[in-house]
Amino acid sequence: MPATIVTGLQWGDEGKGKVVDHLSEDAVAVARFSGGANAGHTVISAGRRIALHQLPSGLLRPGVLGIIGAACVLDPVSLVREMGSLEDEGFNVGDRLTISGKVHLVHPAARYMEREQERQLGEASVGTTGRGIGPTYVRKYERRGLRLEDAAVPEAFRDRSLGVMEESISGLGLGEEDREALERETEEFMKCTLDLVNRASDVSMVISRILRSGGTVIAEGAQGTLLDPDHGTYPFVTCGSCVSGAACVSLGLGPVMIDEVVGVMKAYNTRVGNGPFPTELNDETGERIREKGNEYGATTGRPRRCGWFDGVLASYSARLNGCSWTVLTLLDVLSGFPELMVCKKYELDPGIDLTLFETGARLEYHVPVFETLPGWEEDITGETSWDVLPENARNYVMFLEKLTGVSVRAISTGPAREDLIWRT
Ligand code: GDP
Ligand code: IMO
Ligand code: MG
């Protein structure tokens, strides 16, 4: 379909990169609409495993354009590096990347600020990726941010960049070593921004032209619904909106221009960083899922927390995003477990009136109620046909489908592009 939004239904890392890569075969453009270098989207292309952080996943397909939307936050230094390493892998970005001039820039000082904030929070820290995401969004909403288009006037941009640096050095009371590092990083920040400024463009215009001429655009989400600052597990969230509605805001598209919303969800749940996770498994089963699923962060390398599939939260996310259909990923990881548990409802902690809260809020007071389903022994890695899946695997998929109320149209059975079952 011409305009499709791909969004994560859990706490990120659902396999959005793989799904976007798969769907972008015939697309004209792939447009990232949320987050920044906190994301890590893994794509296996030409036998190589590539983790994309800020670049849209479609760029791995020759001829597909990449777009970065206005509501993303852009770290120019890491973007320039990412483009360099992609070129080293043999993928030429060239002039295929367009960035909204309105995108806010992650000044290196933002990382120092975030480090200090997390330190002050101590045990209550968010467990951020340390990429300066939060402080950059805060500055944006304080109406003091630096945008890519500001670099069109280099002298003024330089003055403002150095101003942010000075303000942070004194505000944070940085020591000699940090101060020198930040000065070097600010120089690099200014240089890389100036290298990128000629990619600035009116993204809304670019996309509407493609759609008007009948081309397909995939809007690639980052993070996941449960990390959304409004609808996620606040305050353990990221700072940029990441539900499907955010695609319209970031890319400058009216909602009626969207044809489909595809929700991506894992066959179990994971989370990196802190915050409530009702179905978390702090035992050998959780460890086994982590090892089988290679559940280590694509950005920070941190081990991901693992747990059973949470049907209440998945159904909540499917509703919030208005999913047309879903892709269920990493089903192969569950082969070999004699029994699988799925959270189908919550019991509320007695004594707390949770009727005052919306679904998805105050999860720390929720006690999951599980349904136990029989597992399957067979290795299903790389399967491409629904009919050859073991009966228990098919029943598992249909159980999740019923819980979420949205049809699972595709099932991913391995990390590679072709490891996918399309249900007819
Ligand atoms: P994203 O952030 O949503 O793009 O997801 P990540 O790339 O951070 O994490 C998903 C991980 O699962 C990556 O290592 C993928 O290569 C891998 N992956 C994606 N789909 C499948 C699948 O169906 N099976 C297996 N075993 N791995 C998968
Ligand atoms: P992709 O796009 C998983 C998490 C962090 C932390 C919280 C806030 O790969 O799915 P931040 O650095 O954004 O301020 O951190 O959000 N987080 C992610 N977790 N996948 C991501 O992106 C994430 N991006 C941020 O771990 O808990
Ligand atoms: Mg990821």
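In this text, all values refer to a predicted model and were calculated from it rather than measured experimentally. (Residues numbered from 1 in each chain as written. Chains lettered and ligands numbered in written order. Predicted model: local features only at pLDDT ≥ 70, side-chain atom pairs only at ≥ 80, totals over all residues. Heavy atoms only, no water.)

### Focus: the coordination of the magnesium ion (ligand 3)
Selection criterion: Any nitrogen, oxygen or sulfur atom within 2.8 Å of a metal ion counts as a donor, with the limit raised to 3.2 Å for Na, K and Ca, and since water is left out, coordination shells can look unfinished. Put simply, DSSP marks the helices as runs of H or I at least four residues long and the strands as runs of E at least two long, and each gets a number from the N terminus on.
At the metal site, the magnesium ion (ligand 3) is ligated by Asp13 (OD) and Gly40 (O), and these contacts range over 2.0 to 2.2 Å. Of this pair, Asp13 sits in the loop between strand S1 (3-8) and helix H1 (16-23) while Gly40 sits in the loop between strand S2 (29-32) and strand S3 (41-45), and the two are 27 residues apart along the sequence.

### Things to note about the site of ligand 1
This is how the line gets drawn: Whether a residue is near a molecule or strand is decided by its heavy atoms; if any one of them lies within 4 Å of it, the residue is near. Polar contact is defined as a pair of N or O atoms within 3.5 Å, subject to the rule that within protein one atom must be able to donate a hydrogen and the other to accept it, and that residues adjacent in sequence are counted only when both atoms are side-chain atoms. For the area figures, the Shrake-Rupley method with a 1.4 Å probe applies, and any residue is considered shielded solely by the protein chains shown. When residues are grouped by polarity, Ala, Val, Leu, Ile, Met, Phe, Trp, Tyr, Cys and Pro land in nonpolar, Asp, Glu, Lys and Arg in charged, and all others, Gly among them, in polar.
Close to ligand 1 lie 18 residues, the nearest being Lys16, Thr42, Arg49, Asp332 and Ser412. A distance of 3.0 Å separates an oxygen atom of ligand 1 from a polar atom in the backbone of Glu14. At 2.8 Å, a side-chain N or O of Arg49 approaches an oxygen atom of ligand 1. A total of 590 Å² of accessible area belongs to ligand 1 in isolation, and the protein chains cover 95% of it. For the shell around ligand 1, the secondary structure elements donating two or more residues are H1 and S3. At three residues, H1 tops the list of elements feeding residues into the shell around ligand 1. Its residues placed into classes, the shell around ligand 1 shows three nonpolar, eight polar and seven charged.

### Some thoughts on the domain arrangement of the protein chain
Quite often, the size of an interface is put as the accessible area lost when its parts meet. Inclusion rule: Domain delimitation in this document rests on an assignment produced automatically or drawn from a domain database. What makes two residues a contact is simply this: any of their non-hydrogen atoms within 4.5 Å. Here the quantity called buried area is the accessible surface, traced with a 1.4 Å probe, that two parts lose on coming together, added over both. Salt bridges, as used here, are contacts in which a Lys or Arg side-chain nitrogen is within 4 Å of a carboxyl oxygen on Asp or Glu.
Entries for the protein chain in the domain assignment read domain 1 (3-100 + 201-262), domain 2 (104-197) and domain 3 (264-422). The C-alpha-based centres of domain 1 and domain 3 are spaced at 23 Å. Opposite the 41 residues of domain 1 that make contact, domain 3 presents 43 residues. For the pairing of domain 1 and domain 3, the buried interface totals around 3,300 Å² over both sides, and the portion due to carbon and sulfur atoms is 55%. Counting the contacts that link domain 1 with domain 3 gives three salt bridges. For the pair domain 1 and domain 3, the number of links is 28 residue pairs in polar contact (both at pLDDT 80 or more). Ranked by residue count, the leading element in the side of domain 1 that touches domain 3 is H1, at six residues.

### Considerations on the nonpolar core
Formally: Nonpolar core, defined: a set of buried Ala, Val, Leu, Ile, Met, Phe, Trp, Tyr and Cys residues in which side-chain atoms within 4.5 Å join the residues together. Three labels apply to residues, based on accessible area from a 1.4 Å probe with only protein chains included: buried if under 20% of the type maximum, exposed if over 50%, partly exposed otherwise in between.
Core analysis: the largest hydrophobic core is formed by 52 residues, its most contacted members being Ile207, Leu331 and Tyr396. Shared between two domains, this core takes at least three residues from each, and those domains are domain 1 (3-100 + 201-262) and domain 3 (264-422). For Ile207, the residues in contact, after removing those within four places along its chain, are Ala31, Ile67, Val217, Leu251 and Leu253. Counting 36 residues, the second largest nonpolar core, distinct from the first, contains Met83, Phe91, Met165 and Leu174.

### Observations concerning the site of ligand 2
Neighbouring residues of ligand 2: 20 residues in total, closest Asp13, Lys16, His41, Thr129 and Thr238. Here an oxygen atom of ligand 2 sits 2.7 Å away from a polar atom, N or O, in the side chain of Lys16. In this structure, Thr238 approaches ligand 2 through a side-chain N or O atom, which is 2.6 Å from an oxygen atom. The residue makeup of the shell around ligand 2, split by class, is seven nonpolar, ten polar and three charged.

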